[in-house]
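Residues per chain, in single letters:
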Amino acid sequence: MPVVLGILAEATTWLATCGTDQWQVPLESRRSRVEQDAAAHTLFLVADRGIDVATITVDEFADADFWEQADDPASALYVHRMAVRRSAAGRGIGSAMLDWAGRRACLRGRTLLRLDAWRTNHGLHVYYKNLGFEHVRDVEPPADRPRGSGMLFQRDAGYHNPLGPQIVQRWPVRRARSSRSR
Ligand SMILES: CC(C)(COP(=O)(O)OP(=O)(O)OC[C@H]1O[C@@H](n2cnc3c(N)ncnc32)[C@H](O)[C@@H]1OP(=O)(O)O)[C@@H](O)C(=O)NCCC(=O)NCCS
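Residues numbered from 1 in each chain as written. Predicted model: local features only at pLDDT ≥ 70, side-chain atom pairs only at ≥ 80, totals over all residues. Heavy atoms only, no water.

Engineer: Whenever I open this one, the site of the ligand confuses me. Can you help?
Structural biologist: With respect to spatial proximity, 17 residues lie near the ligand, and among them Q22, M82, V84, G94 and N121 are the closest. The backbone of G94 places a nitrogen or oxygen atom 2.8 Å from an oxygen atom of the ligand. Y127 has a polar side-chain atom sitting 3.3 Å from an oxygen atom of the ligand. For the ligand, whose free accessible area comes to 840 Å², the fraction covered by protein is 73%. Per-element accounting of the shell around the ligand gives the leading share, 4 residues, to helix α4 (residues 122-130). Each residue belonging to the shell around the ligand can be placed in one class, and the counts come to 11 nonpolar, 5 polar and 1 charged. (Near = heavy atom within 4 Å. Polar contact = N/O pair within 3.5 Å; in protein donor to acceptor, adjacent residues only side chain to side chain. Areas by Shrake-Rupley, 256 points an atom, 1.4 Å probe, with all protein chains shown as cover. Helix = DSSP H or I, 4+ residues; strand = E, 2+ residues; numbered from the N terminus. Nonpolar A, V, L, I, M, F, W, Y, C, P; charged D, E, K, R; others polar.)

Written out as structure tokens, the structure reads:
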């Protein structure tokens, strides 16, 4: 948890320097979502030679503020809270995480990988479009439930960028059960 929250905090600080209001809310307000992700085993850390450099959540949660029944929510997996440490940025780790998330979607019989991006952050929209995502639509939830996010993107789950790093998945090592607990 501290590592993930640290990476998200660093991303929030960097975003402020980019002149966007994306994620500019107290980190505490994201803590419970991150805790839920961890408990659900949908939260992942990416390590480069033993150093944690990035985080991503990939799950089946199609935010009902954004995705409608007509979108066939069960056809996709959804990316949330993706961030790369600035010391590791610019090397394609974000792209590698999205490819890995797509493979995970394929393994679960999903045809699409989806995400909702901050509506006013044009630089972020360009980033996703350059990685093969298509803009689905822009959704602004009602004023009594304001959300900065809502620019919806999706791409084929099988999309693969052959350039840049690749992610190798390692499952958490579980302690062997002792003979007494059998
Ligand atoms: C998105 C992210 C994970 C990609 O990491 P990466 O693969 O290392 O790629 P980079 O950080 O080098 O970004 C690639 C380009 O997109 C731009 N970009 C990425 N995220 C951006 C954002 N949120 N707002 C504006 N521009 C962004 C970068 O400035 C960079 O532009 P450049 O090539 O002109 O320098 C990383 O930029 C990040 O942690 N961003 C902040 C958190 C975030 O926006 N997450 C996505 C939420 S939907």
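Engineer: Which parts of the structure should I look at to understand α4?
Structural biologist: Helical periodicity: at 3.6 residues per turn, an α-helix aligns residues three or four positions apart in one direction. Buried within α4 we find L124, H125 and Y128. For α4, the angular spread of buried residues about the axis comes to 100°, placing them on one side. For α4, the exposed residues lying more than 90 degrees away from the buried face are H122 and N130. Those residues of α4 that are buried lie in contact with β3 (76-84), α3 (93-107), β4 (112-118) and β6 (149-156). Backbone geometry just after α4 places G132 at a positive phi near 90°. (Buried < 20%, exposed > 50% of the residue type's maximum accessible area, 1.4 Å probe, protein only. Arc of directions from axis to C-beta. Contact = heavy atoms within 4.5 Å.)

Engineer: I would appreciate a short explanation of the packing of aromatic side chains in the present structure.
Structural biologist: Tallied over the entire structure, the rule returns 5 aromatic pairs. Note on W67 and Y78: the rings are 5.7 Å apart at their centroids and 65° apart in plane angle, and the pair reads as edge-to-face. In this pair, W67 sits in the loop between β2 (51-59) and β3 while Y78 sits in strand β3, placing the two residues 11 residues apart along the sequence. As far as burial versus exposure is concerned, W67 and Y78 are alike and both buried. (Phe/Tyr/Trp six-rings, centres within 6.5 Å; stacked < 30°, edge-to-face > 60°.)

Engineer: Any chance you could explain the UniProt feature "domain: N-acetyltransferase" (unreviewed entry) in the protein here in plain terms?
Structural biologist: Under the local residue numbering, the UniProt record ascribes the feature "domain: N-acetyltransferase" (unreviewed entry) to residues 1-158. Helix makes up 33% of residues 1-158 and strand 28%, with an end-to-end C-alpha separation of 30 Å. (UniProt positions renumbered as here; feature names shortened; annotations may be inferred.)

Engineer: Can you help me understand the nonpolar core in this one?
Structural biologist: Across soluble globular proteins, you tend to see nonpolar side chains buried next to one another. The biggest cluster of nonpolar side chains holds 29 residues, and the ones touching the most others in it are I56, M97, L98 and Y128. For this core, the elements supplying multiple residues, two or more each, are β1 (43-48), β2, β3, α3, β4, α4 and β6. Once residues within four sequence positions are removed from consideration, Y128 is found in contact with M82, L98, L115, A117, F133 and F153. V4, L15, W23 and L43 belong to the second-largest nonpolar core, a separate cluster that totals 11 residues. (Core = buried A, V, L, I, M, F, W, Y, C linked by side-chain atoms within 4.5 Å.)

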